[in-house]
Structure formats: C-alpha cells, structure tokens
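# Observations on the three-dimensional arrangement
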Amino acid sequence: MHSATSTSGDEPDAHTPLLPTEESEQLWNIVVLGLCFFFIFSAYNTLQFLITTLLPGNTGFVSLSVLYVSNIPSGLLAPVLCDIFGLRLTLMLGSVCYTLYMLALASGNSIMIVVLSPVVGFGAAILWVAQGVLLTQSSKARNLGFNNGLFWSTFQCSGIVGSLSAYFVLSKLNGTVLFYAASAVSSVGVLGLAFVRPPPRPPPEQQTLSLYKRVLLPMRHATENKNLFRLLPSFFCIGFSAGFVNGEFAKIF
C-alpha cells in the first residue's frame, strides 16, 4: 500500500523562509514518521508475505482478498477522517488496526482473521492518506524531495530487517511466535506516532470553508484529472503483481 498525497492545505512555498524551530519540527515529523512506519511494516509486510503459507487452507487468500476490497471504499473516506480527527489521531487509529490484525493471525482463529481483514483494509487507507498529508504539510517545495527520500529510505529498510528477522525466528521457533513478535514490534510504531507534531489546526470558528469545500470538492476535482486515468493501467498492473507475490508466489516456498 502506498502513500496518498494531500488533498487539503496550502501548497508548499519555495520562497518562504523557515525559522530554525519550524524547520527542526518539520524534520522531526519526517524522522518519527519514517521510524514508526519502519517498525509497523517490518512486522506487517513480512507476515503478509507468509500468511498464505502459514495459515491453514485458503484462509490467507480469503483474508488478503477481503482486506484489499475493503481498502477501496475506505480510501474515499480517509480524507474526511483526517480532517475531522486530525493527523496524529488518524495515524494512530490506522496503525492500531494493523496490530489488531497481527494479533488475530497469532490466534490462528480463521473467523477472527477474516473478520479483522476489512479492519486492516480500513486502517491501511487512513494511515497512508494521513502519512501523505503530514509529509506534505511538513515540507516546503525546496525540501519536499529530500523529505520524501528520507521517509521512503527509512521505510524501505523494513523489508530487509523484517525478512531477515522472520528467517531467524522461523528457523528456530514457529509461526505463532513470529506473529506475536510482529505484533509487539508493530506496537512500538503505534506508540511512536504519539510523538508526531502535526501543524496546528485552526479552531472550528475560524474554519470558514465547509467540509465539502475543504475535502470533498478537491477530491471531485482530482477525479477530473485526465493524467490520473492514464495511470490506471499501471495501478492495476502493480496491484496484480503484488497480489501474485503476496499470495501465490509465497506458497511455492
């Protein structure tokens, strides 16, 4: 699952100077965000690759299918929730969904796993949308590329650490221990998101635009962008390949 871009707020200004405290707070957000996602996805991405192998029958396939189907409508609600609850709370809520799902995997209860699959689909949608908004709001045009690179470099390290950790755990212990360990690692990332410092939100009486104009209207305008529809074939190819890698390819091993 990949990041969404901000649908609200002012565009980053390349010419507005940053005060030292403001710049350090923005960098703090990027570092904290990257480290928290590192912990969460070191755990989750590793398990996602293994659940079709470690879970009995077709439970893994059904779970992943329900998860990604639920992610589609949840993505449309995510900008509204970010606007209502704020970025920090939305990030923590989304990440908690991942941890609950991993605890369900540890239980081995197929019904609980399938029931919590749409929960993590919802959590993934709001987590990645909030991540995109926070990253954009914590950057100016001149350092947006650097901040993106810093976040994604930290995040992608999770693939290395998570895979190596799973190898050593499975070679010595069993899948249940791996699921519980992953849940504990993910919890570190959830707690770390409490230290995010999102830009202050104006009080309700100062928000002159309605929710529709702040959030829903920009979403409608985005759907009118022809470039978005030109990218749809690429999106489907990426989704298809990810489904094969996470589902069928893993069973080979």
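See above for the structure.
Predicted model, so just to flag it, every value in this text is computed and none were measured.

Calculation criteria
Residues numbered from 1 in each chain as written. Predicted model: local features only at pLDDT ≥ 70, side-chain atom pairs only at ≥ 80, totals over all residues. Heavy atoms only, no water. Helix = DSSP H or I, 4+ residues; strand = E, 2+ residues; numbered from the N terminus. Contact = heavy atoms within 4.5 Å. Areas by Shrake-Rupley, 256 points an atom, 1.4 Å probe, with all protein chains shown as cover. Core = buried A, V, L, I, M, F, W, Y, C linked by side-chain atoms within 4.5 Å. Buried < 20%, exposed > 50% of the residue type's maximum accessible area, 1.4 Å probe, protein only. Phe/Tyr/Trp six-rings, centres within 6.5 Å; stacked < 30°, edge-to-face > 60°. Polar contact = N/O pair within 3.5 Å; in protein donor to acceptor, adjacent residues only side chain to side chain. Expected span 1.5 Å × (residues − 1). Patch = residues over 30% accessible without salt bridge, like charges linked within 9 Å, V, L, I, M, F, W, Y side chains within 5 Å. Salt bridge = Lys/Arg side-chain N within 4 Å of Asp/Glu carboxyl O. Axes fitted to C-alpha atoms, helices over the stretch in contact; angles between N-to-C directions. Parallel < 35°, antiparallel > 145°, perpendicular 65-115°, else oblique. Nonpolar A, V, L, I, M, F, W, Y, C, P; charged D, E, K, R; others polar.

### Quick notes on the overall build of the protein chain
Regarding its fold elements, the protein chain presents nine helices and zero strands. In the protein chain, the share of contacts with a sequence separation of at least 24, taken over all contacts with a separation of at least 6, comes to 86%. A total of about 13700 Å² of accessible surface is found on the protein chain, and carbon and sulfur atoms cover 70% of it.

### Considerations on the nonpolar core
Grouped together as the largest cluster of nonpolar side chains are 47 residues, with contacts concentrated most on Phe37, Phe41, Tyr98 and Tyr101. If you list the elements that add at least two residues to this core, you get α1 (20–54), α2 (59–85), α3 (87–107), α4 (110–137), α5 (144–172) and α6 (175–192).

### What about the packing of aromatic side chains?
If you walk through the whole model with that rule in mind, you get 17 aromatic pairs. Considering the side-chain rings of phenylalanine 41 and tryptophan 128, the 5.4 Å spacing of their centres and the 40 degrees angle between planes classify their relative orientation as tilted. Taken together, the positions of phenylalanine 41 in helix α1 and tryptophan 128 in helix α4 put the pair 87 residues apart, joining distant regions of the chain. Ring centres of phenylalanine 41 and phenylalanine 155 lie 5.4 Å apart, and the angle between their planes is 75 degrees; on these two criteria the pair is classed as edge-to-face. Note that phenylalanine 41 is positioned in helix α1 and phenylalanine 155 in helix α5, a separation of 114 residues in sequence. Considered together, phenylalanine 41 and phenylalanine 155 belong to a single accessibility category, that of buried residues. Taken together through their ring pairs, the aromatic side chains of Phe37, Phe41, Tyr44, Tyr98, Tyr101, Trp128, Phe151, Trp152 and Phe155 make up a single cluster.

### Quick notes on the side chain of serine 74
Structurally, the position occupied by serine 74 is in helix α2. Exposure remark for serine 74: the relative accessible area of 8% places this residue in the buried category. There is a polar contact of 2.8 Å between the side chain of serine 74 and the backbone oxygen of serine 70.

### Some remarks on α4
Between its first and last C-alpha, α4 extends 40 Å over 28 residues, near the 40 Å set by a 1.5 Å rise per residue. Between the side-chain oxygen of the N-cap and the backbone nitrogen of isoleucine 111 there are 3.0 Å, and the N-cap of α4 in question is asparagine 109.

### Considerations on the side chain of serine 186
Mapped onto the elements, serine 186 comes out in helix α6. Apart from residues lying up to four places away in sequence, serine 186 is in contact with Phe39, Ile40, Ala43, Thr99 and Met102.

### With respect to the environment of isoleucine 111
For isoleucine 111, the position within the fold is in helix α4. The spatial distance from the C-alpha of isoleucine 111 to the C-alpha of serine 63 is 9.7 Å, given a sequence separation of 48 residues.

### A look at a nonpolar patch on the surface
Residues Leu27, Val31, Leu35, Phe39, Phe146, Val185 and Val188 make up a contiguous nonpolar surface patch of roughly 560 Å² in combined accessible area. Looking at the nonpolar patch, the elements that each hand over two or more residues are α1 and α6. A per-element tally of the nonpolar patch places α1 first, with four residues. Relative to the elements of secondary structure, valine 185 occurs in helix α6. Under the relative-accessibility criterion, valine 185 is labelled partly exposed at 32%.

### Concerning the environment of arginine 88
Looking at where arginine 88 falls in the secondary structure, it is placed in helix α3. Taking the C-alpha atoms as reference points, arginine 88 and alanine 194, 106 residues apart in sequence, are found 6.7 Å from one another. A polar contact is formed between the side chain of arginine 88 and the backbone oxygen of alanine 194, at a distance of 3.4 Å.

### What to know about the packing of α4 against α5
Following both chains from N to C, one finds α4 and α5 inclined at 140 degrees, their axes separated by 10 Å at the closest point. Viewed along their axes, α4 and α5 adopt a mutual orientation that is oblique. Across the interface between the two elements, Trp128, Gln131, Leu135 and Thr136 from α4 touch Leu144, Asn147, Asn148, Phe151, Trp152 and Phe155 from α5. Of the residues that constitute the contact of α4 with α5, the class distribution is six nonpolar, four polar and no charged.

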